[in-house]
Amino acid sequence: MDMAVSQITASASSADVPDNDYIARHKSLPVRIGTHLRRYWQLWLMALPAMIFVFVFAYIPMYGIQLAFREFVPRKGLTGGTFVGLKYFTKFFQSPQFVNLMRNTISISLWTLVMGFICPIILALLINQIGSKRIKGFVQTITYMPHFISTVVIVSMISIFLNPTSGFIGRFLNEDGKSILGDPNLFTPIYWITEVWQHCGWNSIIYLAALAGVDTALYEAAKMDGASRLQLIRYVDIPAILPTCGVLLILNMGSVLNVGFEKVYLMQNSLNLSSSEVISTFVYKMGFVSNQYSYSTAIGLFNTLINFVFLVMANAISKRVSDTSIF
């Protein structure tokens, strides 16, 4: 009897306690926003410069997208030209260069994406196996230093090294004295190999950060069970970085057709143009060299839409397969 009375009393007292979370969720929107800003205004203040930068340089220029659907007349401005609909998109799809541009762009992008994704993971796993902190720091510094070399210097180094007469690589690879950079079949391998070499060390930093957060007890337990180094990598290291790999792969898929303009343009010459002309260089030539601004805007918008589709598809597949996604 006494137990029943105590339960009734406890339930009655708990019913009198207000649910603060329920009350907060059902307040008016201005009140909720004000409460949120009072609690987290420091974080919003830190993020404000980045938000302003993105708004100014990413969202405001989107006003010019309408140029792809208008006959641009400089004296009439962006909105003064005649609306032509999908005229320039159709012109690009029917262009004899469309197939070659897409083939070159996809070939270079996929090779760079795949190898640029795999190599940093392998490098991070190898560096993580180095026991000495001093040697590990030295290797990290050496591998990510090329990331800070400018594109112009990188292309100059490529030209010097692959020179068939004076380059120490070109003399061994080419016995006929022909220009290696002038060979259309070698342009894609040269591009992605040098791209991976330049950014592999830098891109491995995020994987090393993920590996640094692995509990050392897992390594000790695996060693006590007789695990070798390869087994430690397979059963401890790789599972630890898989979520990071998934997120980075999704983000990279969003720029699968955005081949670096500067490097491709600087490596281009009259001999390798058939394999080095990509969408970004073609947009530059149409827009700034030929003054076909509406045409180049339409091509750039098409490229952006394709990248967006790839991003959404990669995110959906990753979310279904591994429960890793960015939205």
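Residues numbered from 1 in each chain as written. Predicted model: local features only at pLDDT ≥ 70, side-chain atom pairs only at ≥ 80, totals over all residues. Heavy atoms only, no water.

## Regarding the pairing of strand β2 (residues 77–83)
Pairing analysis gives 3 bridges linking strand β1 (residues 70–73) to β2, with the strands arranged antiparallel. Within β2, the residue paired with Arg70 across the bridge is Phe83. Hairpin geometry of β1 and β2 is characterised by an intervening segment of 3 residues between the two adjacent antiparallel strands. (Pairing = 2+ DSSP bridges. Helix = DSSP H or I, 4+ residues; strand = E, 2+ residues; numbered from the N terminus.)

## Overview of the pattern of salt bridges
Counted by the stated rule, this structure contains 3 salt bridges. When the shortest N-O distance is used, the salt bridge between Lys87 and Glu71 registers 3.2 Å. Residue Lys87 is found in helix α4 (residues 87–93), and its partner Glu71 is found in strand β1; the two are separated by 16 residues along the sequence. Judged by relative accessible area, which is 30%, Glu71 ranks as partly exposed. (Salt bridge = Lys/Arg side-chain N within 4 Å of Asp/Glu carboxyl O. Buried < 20%, exposed > 50% of the residue type's maximum accessible area, 1.4 Å probe, protein only.)

## Notes on the nonpolar core
Grouped together as the largest cluster of nonpolar side chains are 19 residues, with contacts concentrated most on Phe89, Phe92, Phe282, Tyr295 and Ile299. The element contributing the most residues to this core is helix α16 (residues 293–322), with 6 residues. With residues up to four places along the chain from it excluded, the contact list for Phe89 reads Ala68, Phe69, Ala298, Leu301 and Phe302. One finds Leu123, Ile127, Leu211 and Ile241 within the second-largest nonpolar core, a separate group that totals 16 residues. (Core = buried A, V, L, I, M, F, W, Y, C linked by side-chain atoms within 4.5 Å. Contact = heavy atoms within 4.5 Å.)

## Regarding unusual backbone geometry
Residue Asn291 is not a glycine yet carries a positive backbone phi of 60 degrees. Locating Asn291 in the fold gives a position in the loop between α15 (279–289) and α16.

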